[in-house]
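# Residue-level structure breakdown
Chain by chain, the residues run as shown.
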Amino acid sequence: MSVIKASGEKKLMLFSGRAYPELALEVAHNLEIEPTPTAAYDFANGETFVRFLESVRGSDAFVIQSHTAPINQWIMEQLIMVDALKRASAKRITVVAPFFGYARQDKKHRGREPISARLMADLFKTAGADRLITVDLHTSQIQGFFDGPVDHLFALDLLADHVERNLDTSQVTVVAPDAGRVRVAERWTDRLGCPLAIIHKRRDPEVANEVKVFEVVGEVKGRTCVIVDDMIDTGGTIVKAADALFEQGAARVVVTATHGVLSGPAVDRLKNSRISEVVLTNTLPIPDEKQFDKLTVLSIAPLIARAINEVFSDGSVTSLFEGQY
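Residues numbered from 1 in each chain as written. Predicted model: local features only at pLDDT ≥ 70, side-chain atom pairs only at ≥ 80, totals over all residues. Heavy atoms only, no water.

### Focus on helix 1 (residues 21-31)
Looking only at helix 1, the buried set comprises Leu23, Ala24, Val27, Ala28 and Leu31. One face of helix 1 carries all of its buried residues, which in axial projection span an arc of 140°. Opposite the buried face of helix 1, by more than 90 degrees, sit the exposed residues Glu22, Leu25 and His29. Of the residues trailing helix 1, Glu32 is marked for its positive phi of about 60°. (Buried < 20%, exposed > 50% of the residue type's maximum accessible area, 1.4 Å probe, protein only. Helix = DSSP H or I, 4+ residues; strand = E, 2+ residues; numbered from the N terminus. Arc of directions from axis to C-beta.)

### A look at the state of the cysteines
In total, this model carries zero disulfides according to the counting rule given. Cys225 supplies the cysteine sulfur nearest to Cys194, a cysteine that is in no disulfide, at a spacing of 11 Å. Of the residues examined, Cys225 reaches a relative accessible area of 0% and is grouped as buried. (Disulfide = S-S within 2.5 Å.)

### Here's the deal with unusual backbone geometry
Going from Ala69 to Pro70, the amide bond is cis rather than trans, its omega being -5°. With respect to the secondary-structure elements, Pro70 resides in the loop between strand 5 (60-64) and helix 2 (71-87). You will see that Arg112, though not glycine, has its phi angle at about 65°, which is positive. Turning to its location among the elements, Arg112 is positioned in the loop between strand 6 (92-97) and helix 3 (116-127). On the basis of relative accessibility, which here comes to 83%, the residue Arg112 falls in the exposed class.

### Structural notes on the pattern of salt bridges
The final tally for this structure, using the stated rule, is 17 salt bridges. Notably, a salt bridge pairs Asp83 with Arg87, separated by 2.7 Å at the nearest N-O pair. A residue pair is termed a helical-turn pair when its members lie 3 or 4 positions apart in one helix, as Asp83 and Arg87 do in helix 2 at four residues. Relative accessible area serves as the criterion here: at 27%, Asp83 is assigned to the partly exposed category. For Asp151, the salt bridge identified is with Arg131, shortest N-O distance 2.6 Å. Taken as a pair, Asp151 in strand 8 (residues 150-153) and Arg131 in strand 7 (residues 131-135) lie far apart in primary sequence, 20 residues in all. Using a relative accessible area of 8% as the deciding quantity, one classes Asp151 as buried. Residue Arg131 is classed as buried on the basis of its relative accessible area of 18%. Through salt bridges with shared partners, a single network forms among Asp157, Asp161, Glu164 and Arg191. (Salt bridge = Lys/Arg side-chain N within 4 Å of Asp/Glu carboxyl O.)

### With respect to the nonpolar core
Within the largest apolar cluster, 47 residues are counted, with the highest numbers of intra-cluster contacts made by Val27, Phe62, Leu153, Trp188 and Ile308. Here this core takes eight residues from helix 8 (residues 301-312), the largest share from any one element. Those residues in contact with Phe62, other than ones at most four positions away along the chain, are Leu12, Met13, Leu14, Phe15, Thr94, Val96, Ile133, Ile308, Val311 and Phe312. Within the second largest apolar cluster, 30 residues are counted, among which are Met13, Ala103, Leu132 and Phe146. (Core = buried A, V, L, I, M, F, W, Y, C linked by side-chain atoms within 4.5 Å. Contact = heavy atoms within 4.5 Å.)

### Overview of the side chain of Glu277
Mapped onto the secondary structure, Glu277 falls in strand 14 (residues 277-281). There is no salt bridge for the buried Glu277, and the closest opposite charge comes from Arg252, which lies 4.9 Å off by N-O distance. In this structure the side chain of Glu277 is engaged in a polar contact, spanning 3.0 Å, whose partner is the side chain of His162. Within the local environment of Glu277, its side chain forms a polar contact with the side chain of Thr296, the two groups lying 2.7 Å apart. Those residues in contact with Glu277, other than ones at most four positions away along the chain, are His162, Val253, Val254, Val255, Lys294 and Thr296. (Lys, Arg positive; Asp, Glu negative; His and termini not counted. Polar contact = N/O pair within 3.5 Å; in protein donor to acceptor, adjacent residues only side chain to side chain.)

### With respect to the pairing of strand 13 (residues 252-260)
Most of strand 13 sits out of view: eight of its nine residues are buried. One crossover worth recording links strand 12 (residues 224-232) to the parallel strand 13 by way of helix 6 (residues 236-247), and it is right-handed. Examined bridge by bridge, strand 13 and strand 14 share three bridges and lie parallel to one another. Bridging across to strand 14, Thr256 finds its partner in Val279. Taken together, strand 13, helix 7 (residues 266-271) and strand 14 constitute a β-α-β crossover, and its handedness is right-handed. (Right-handed = clockwise from strand over helix to strand, strands pointing away. Pairing = 2+ DSSP bridges.)

### Focus: the packing of aromatic side chains
The tally for this structure, following the rule as stated, stands at five aromatic pairs. Each ring, one from Phe154 and one from Phe321, has its centre 5.3 Å from the other, and the planes form 90°; the classification is edge-to-face. With Phe154 in the loop between strand 8 and helix 4 (156-166) and Phe321 in the segment after helix 8, the pair connects residues that are 167 residues apart, well separated along the chain. As far as the burial class goes, Phe154 and Phe321 line up, both buried. An aromatic cluster of at least three residues, connected via ring pairs, comprises Tyr41, Phe43 and Phe49. The ring of Phe312 carries the charged tip of Lys10 above its face, separated from the ring centre by 4.9 Å. When the ring centre of Phe246 is taken as origin, the NZ or CZ atom of Arg274, which lies over that ring, is 4.0 Å away. (Phe/Tyr/Trp six-rings, centres within 6.5 Å; stacked < 30°, edge-to-face > 60°. Lys NZ or Arg CZ within 6 Å of the ring centre and 35° of its normal.)

So, in structure tokens, the structure goes:
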């Protein structure tokens, strides 16, 4: 069955795009359902076609798509799926984007730049989305870009549980890799009871993804440093941050992040660095060619499934994180 029915005619239906069906299947398994059968393909000129193979009328529809490369194609496919559901009389449509594309473009740094994260939110609303579910947005303000409810999930518990199981937390210092991650790092210190360190860095405004790392603020000498970030893209920032920590006498560096973008040279940089372990979740697919010995991948599917179930049953998604944030 691809449907959970509640009282009356209320029914939950899960729809998966083609970007990362493995995660959708795992979420469906946790919900004890199956994704609704869908026909999707591309025309010769690259246009996308989608048609659902079951009636969706009156359903509480959840459309899951990971915004992985090629990111524009998969965002467009999800928009088309939402439009199809709206035109087929789904009662409520929730976009599930474990990794929300364009989240780093959340403000204007200089004149004549777009705010693409706001555009993304507007596109989903225009397509017919009533609600968004996402995990660890680059900045929390993006929640205000969407004209409707946004359920912002946090991977902290999943990642922190792994740290607690595998490290002596009395020897751990939590490290924010930049000023923007300090609030998240503070939540980690509250959870683990560890001290906090901050790395001061500056981006090169003329070169994308280029970061210059400056000083470490905090006690890291002889300690296991756990860097906490929302994503790893090219890996340059994280490796430079680790180098700065080792220069200050850190005994060991472990990196945790929610989203493993792992673009370009990321895997080689991480493999060849002095970092002991890289811990990610599977909000984005990490294919075999991007796997390496230091990498640990934890499943975000149970958390997404619990959030979907709370939304469907008119429960509280906030209750999943009560007392933490």
